[in-house]
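# Structural overview
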Amino acid sequence: MKTIGAAAIFLLLGGSNSFAQSFNKGDKLLNAGVGIGGGLGIPVGVSYEHAVSNRISVGGYLAYARKKESYNESGEWKYSYILAAGRGSYHLKVNSERFDPYGGVMLGYNVASVKWSGDGSQPVSASAGGFMWGVHIGTRYWASQKVGAFAELGYGVTVLNVGVAFKL
């Protein structure tokens, strides 16, 4: 058990002896991922970040989600969401070229629509929109200088967001 704990600490604090950083001013980052948990179904989205300093990035988030709710054999509700937001993150300083831990906030707009299709009834649909916000903590792990993976825990759009990260 001590070995697992030591390995986890080693990985979190940086497995490299190098003092280079994984996040630097001028970096351009693209994440493509899927969300798990939350009330919007399974969002598929992309986010872009530009490093305005060695610690702060700003950018945007765009996602699409769908979900269905069936009611016996009488019909179903189909929900769809288009999410667009600005986001900012603060990146922690670590002694690693591979890990990029960060936390941040997001503010945007959610365009939602719903459609009922039921037993012999006319389809009913409506749409609405509203502001959305969220917070996130996450990390990227760079498998190479340009490609890696990311995971974010958060509140707002999803509980967990995972996917592939690219340095442009």
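Quick caveat: nothing in here was measured; it's all calculated off a predicted structure.

Across its full length, the chain carries one helix and eight strands. Written out in order from the N terminus, the α and β elements of the chain read α-β-β-β-β-β-β-β-β. Counting only residues that meet the buried cut, the chain has 33% of its 168 residues in that class. A total of about 9,800 Å² of accessible surface is found on the chain, and carbon and sulfur atoms cover 65% of it.

Two pairing modes exist for strands in a sheet, parallel and antiparallel, and in both the strands are linked by backbone hydrogen bonds. Strand order in the closed barrel formed by eight strands is 1-2-3-4-5-6-7-8, and the pairing between neighbours is antiparallel. Neighbour-to-neighbour, the strand axes of the sheet open up by a mean angle of 25°, direction not taken into account. Two strands pair when backbone bridges link them, and strand 5 (residues 99-118) and strand 6 (residues 124-142) are joined in this way by 18 bridges, in the antiparallel orientation. Counterpart to Val 114 in the pairing with strand 6 is Ala 126.

Here the idea is simple: oppositely charged side chains can pair when their charged atoms come close. Per the counting criterion, the structure on display carries six salt bridges. One salt bridge connects Glu 49 with Arg 87, and the closest N-O pair in it is separated by 3.4 Å. Here Arg 87 lies in strand 4 (residues 75-91) and Glu 49 lies in strand 2 (residues 44-51), a separation of 38 residues in the sequence. For the pair Glu 49 and Arg 87, one class covers both residues: buried. With a shortest N-O distance of 2.8 Å, Arg 140 and Asp 100 are connected by a salt bridge. Here Asp 100 lies in strand 5 and Arg 140 lies in strand 6, a separation of 40 residues in the sequence. In this structure, Arg 140 and Asp 100 share a single accessibility class: buried. By sharing partners, the salt bridges in this structure join Glu 49, Arg 87, Asp 100, Arg 140 and Glu 152 into a single network.

Moving on: the side chain of His 136. Its location among the elements puts His 136 in strand 6. One polar contact links His 136 to Ser 89, side chain to side chain, over a distance of 3.0 Å. With residues near it in sequence (within four places) discarded, His 136 still touches Arg 87, Gly 88, Ser 89, Tyr 102, Gly 103, Gly 104, Val 105, Glu 152, Leu 153 and Gly 154.

Take the nonpolar core next. Across soluble globular proteins, nonpolar side chains show a tendency to be buried alongside one another. Core analysis: the largest hydrophobic core is formed by 11 residues, namely Leu 40, Tyr 61, Ala 63, Ala 65, Tyr 79, Tyr 81, Leu 83, Ala 85, Met 106, Met 132 and Val 157. When residues of this core are assigned to their parent elements, the largest contribution, four residues, is made by strand 4. Beyond its immediate sequence surroundings of up to four residues, Ala 85 is in contact with Gly 59, Gly 60, Tyr 61, Met 106, Leu 107, Gly 108 and Met 132. By size, the runner-up hydrophobic cluster in this structure holds seven residues, among which are Phe 23, Leu 29, Ala 51 and Trp 142.

For Leu 40, the location among the structural elements is in the loop between strand 1 (28-36) and strand 2. Among the residues examined, Leu 40 registers a relative accessible area of 13% and is labelled buried. In this structure, the C-alpha to C-alpha distance between Leu 40 and Thr 158, residues 118 residues apart in sequence, is 7.7 Å. Dropping the residues within four chain positions of it, Leu 40 is found in contact with Ala 65, Arg 66, Lys 67, Tyr 81, Leu 83, Asn 110 and Val 157.

Turning to the packing of aromatic side chains, a few remarks are in order. Two aromatic rings are characterised by how far apart their centres lie and by the angle between their planes. Here the structure, examined in full by the defined rule, presents four aromatic pairs. Note on Tyr 109 and Phe 131: the rings are 5.6 Å apart at their centroids and 85° apart in plane angle, and the pair reads as edge-to-face. Taken together, the residues span a long stretch of sequence, with Tyr 109 in strand 5 and Phe 131 in strand 6 at a distance of 22 residues. For Phe 131, a relative accessible area of 73% puts it in the exposed group. Between the NZ or CZ atom of Lys 67 and the centre of the ring of Tyr 79, over which it lies, the distance is 5.6 Å. The ring centre of Trp 142 lies 5.1 Å from the NZ or CZ of Lys 167, which sits over that ring.

Rules used in this analysis
Residues numbered from 1 in each chain as written. Predicted model: local features only at pLDDT ≥ 70, side-chain atom pairs only at ≥ 80, totals over all residues. Heavy atoms only, no water. Helix = DSSP H or I, 4+ residues; strand = E, 2+ residues; numbered from the N terminus. Buried < 20%, exposed > 50% of the residue type's maximum accessible area, 1.4 Å probe, protein only. Areas by Shrake-Rupley, 256 points an atom, 1.4 Å probe, with all protein chains shown as cover. Pairing = 2+ DSSP bridges. Axes fitted to C-alpha atoms, helices over the stretch in contact; angles between N-to-C directions. Salt bridge = Lys/Arg side-chain N within 4 Å of Asp/Glu carboxyl O. Polar contact = N/O pair within 3.5 Å; in protein donor to acceptor, adjacent residues only side chain to side chain. Contact = heavy atoms within 4.5 Å. Core = buried A, V, L, I, M, F, W, Y, C linked by side-chain atoms within 4.5 Å. Phe/Tyr/Trp six-rings, centres within 6.5 Å; stacked < 30°, edge-to-face > 60°. Lys NZ or Arg CZ within 6 Å of the ring centre and 35° of its normal.

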